[in-house]
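Summary of structural features
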Amino acid sequence: MHLMKSETFNINLVNVGKSITAAAGDTLFKALHDANIFIPTVCGGKGFCGKCKVKVFSGNKSSLTDSEKKKLSSDEVAEGWRMSCQAVVESDMDIELPDDTKNVRLYTAEVIALGMVCRETRRVRLRLLAPAEMEYLPGAFILLDIPPAAGSRLALSRAYSIATPPSSVNEIELNVKHVPEGKGSGFVHDVLKPGDKVTFSAPYSGYPRSSDENELICVAGGSGISPVLSILRHLKETESRRKIKFFFGVRTCDDLQYISELRTLEKSMHAFEFFSVVEFPGENTSKDTIAGRVTDAVIRSVEDASGCSAYLCGSQGLLEACRTILLERGISEDDIFYDQFF
Ligand code: FES
């Protein structure tokens, strides 16, 4: 279809009661961000994360892209879901935003504490200023605005998981791993200092099934620990009697973090087992640490996963390997929740 560059179309957000105008040829993702409608993203609109789904009722005739074929289930396709960074505006449209995006707002916060939690990861504690409180689910994430492109929310924002439990409504904690050349991590590691103000949109996603009562198996690699900490801290505060296994995998002992808190939780919670697994342990391994790959620890320690839920956070490779292991042990696909790094 040939679209005139100056042509604009009307996008009707049917479950928000609002319409926006979008330029022909823009992606829905860009049109929504330009109108300050917050859509979750971890990949920044590159088609990798699958977080940016919207339901399209009418007006989009473009074919599914390869990214959408990988990330959308057949049920989602049948119901009309598209990834907004892939769907192109080519006529007036009626769309629906996911329910969990309706509470997303723009926040201003002050940095009140900074410190390294391991060799490459910096903890950032933020006090919310405006609004001063935020409701969120355990394991939710924020999109932190990265200067200097303050006017460009699309290009310079980075997703970071919240490590605090939902009871902490006016202060949140993030753990940001240093990434060479990374704009977001460079800002957090090299520029941010106590007293600085930051802006972010939130809350996105989270683990809606944290209150279930069946056994929970969590696996996290490296800084994937943040959302699991949020979930565990929440379960501790709510005196959950849920059976929980948490496998935390890192490359070296210098990458371990929050170990003393997790060991304390292991002693004080009803049925929580913690496995810290170091792939290349070196000489300083403590007796509580398992040497090897985290997937091997899961294989050895989970005989039967039927009836369990799983929360997996890490690289695509880790998530796919754990998915295979847990499915072989009887977990239902619907009971696996994924939080993938990009
Ligand atoms: S924003 Fe990541 S897939 Fe669309």
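Sheet architecture is open: six strands sit in the order 9-8-11-6-7-10, paired in antiparallel fashion. At either end of the open sheet lies a strand with only one pairing partner, and these are strand 9 (157–161) and strand 10 (171–177). On average, adjacent strands in this sheet sit at an angle of 40° to one another, irrespective of strand direction. With six bridges joining them, strand 6 (residues 105–116) and strand 11 (residues 197–204) adopt antiparallel strand pairing. Each bridged residue has a counterpart across the sheet, and for A109 the counterpart in strand 11 is V198. On top of the sheet, helix 4 (residues 183–191) reaches strand 6, strand 7 (121–130), strand 8 (141–145), strand 9, strand 10 and strand 11; it is set at about 115° to strand 10, its chief contact.

Moving on to the packing of helix 7 (residues 294–301) against helix 8 (residues 316–328). Orientation of helix 7 relative to helix 8, taken along the N-to-C sense of each, is 15°, at an axis distance of 10 Å. By the angle between their axes, helix 7 is roughly parallel relative to helix 8. Crossing handedness for the pair helix 7 and helix 8: right-handed. Together, V294, T295, V298 and I299 of helix 7 and L318, A321, C322, I325 and L326 of helix 8 make up the contact between the two elements. The residue makeup of the contact of helix 7 with helix 8, split by class, is eight nonpolar, one polar and no charged.

A few words now on the domain arrangement of the protein. Size of an interface: often given as the accessible area lost when the parts come together. Looking at the protein, the domain boundaries give domain 1 (8–101), domain 2 (105–204) and domain 3 (216–340). A straight line from the C-alpha centre of domain 2 to that of domain 3 covers 24 Å. With 18 residues of domain 2 at the contact, the number on the domain 3 side is 17 residues. Across the domain 2/domain 3 interface, buried area totals approximately 1300 Å², and carbon plus sulfur atoms make up 47% of it. Remark: the boundary between domain 2 and domain 3 carries two salt bridges. D255 is the partner of R119 in a salt bridge, and the nearest nitrogen-oxygen pair spans 2.8 Å. The interface formed by domain 2 and domain 3 includes 12 residue pairs in polar contact (both at pLDDT 80 or more).

Of note, V16 is situated in the loop between strand 1 (8–13) and strand 2 (18–23). Under the relative-accessibility criterion, V16 is labelled partly exposed at 38%. The sequence separation of V16 and E96 amounts to 80 residues, and the corresponding C-alpha distance is 7.8 Å.

Another aspect to go through is the packing of aromatic side chains. Taken as a whole, this structure holds eight aromatic pairs when the rule is applied. An angle of 70° between the planes, with centres 5.2 Å apart, marks the rings of Y207 and F337 as edge-to-face. With Y207 in the loop between strand 11 and strand 12 (216–221) and F337 in strand 17 (residues 336–340), this residue pair connects regions lying 130 residues apart in the sequence. Judged by its relative accessible area of 2%, Y207 is buried. A centroid spacing of 4.4 Å and a plane angle of 10° characterise the contact between F247 and F275, whose relative ring orientation is stacked. A residue pair is termed long-range when its members are at least 10 positions apart, and F247 in strand 13 (residues 243–250) and F275 in strand 14 (residues 271–278) qualify at 28 residues. Members of the aromatic cluster, joined through ring pairs, are Y207, Y311 and F337.

The rules we used
- Residues numbered from 1 in each chain as written.
- Predicted model: local features only at pLDDT ≥ 70, side-chain atom pairs only at ≥ 80, totals over all residues.
- Heavy atoms only, no water.
- Pairing = 2+ DSSP bridges.
- Helix = DSSP H or I, 4+ residues; strand = E, 2+ residues; numbered from the N terminus.
- Axes fitted to C-alpha atoms, helices over the stretch in contact; angles between N-to-C directions.
- Contact = heavy atoms within 4.5 Å.
- Parallel < 35°, antiparallel > 145°, perpendicular 65-115°, else oblique.
- Left-handed = near helix turned anticlockwise from the far one by under 90°.
- Nonpolar A, V, L, I, M, F, W, Y, C, P; charged D, E, K, R; others polar.
- Domains from an automatic or database assignment.
- Buried area = accessible area lost by both parts, 1.4 Å probe.
- Salt bridge = Lys/Arg side-chain N within 4 Å of Asp/Glu carboxyl O.
- Polar contact = N/O pair within 3.5 Å; in protein donor to acceptor, adjacent residues only side chain to side chain.
- Buried < 20%, exposed > 50% of the residue type's maximum accessible area, 1.4 Å probe, protein only.
- Phe/Tyr/Trp six-rings, centres within 6.5 Å; stacked < 30°, edge-to-face > 60°.

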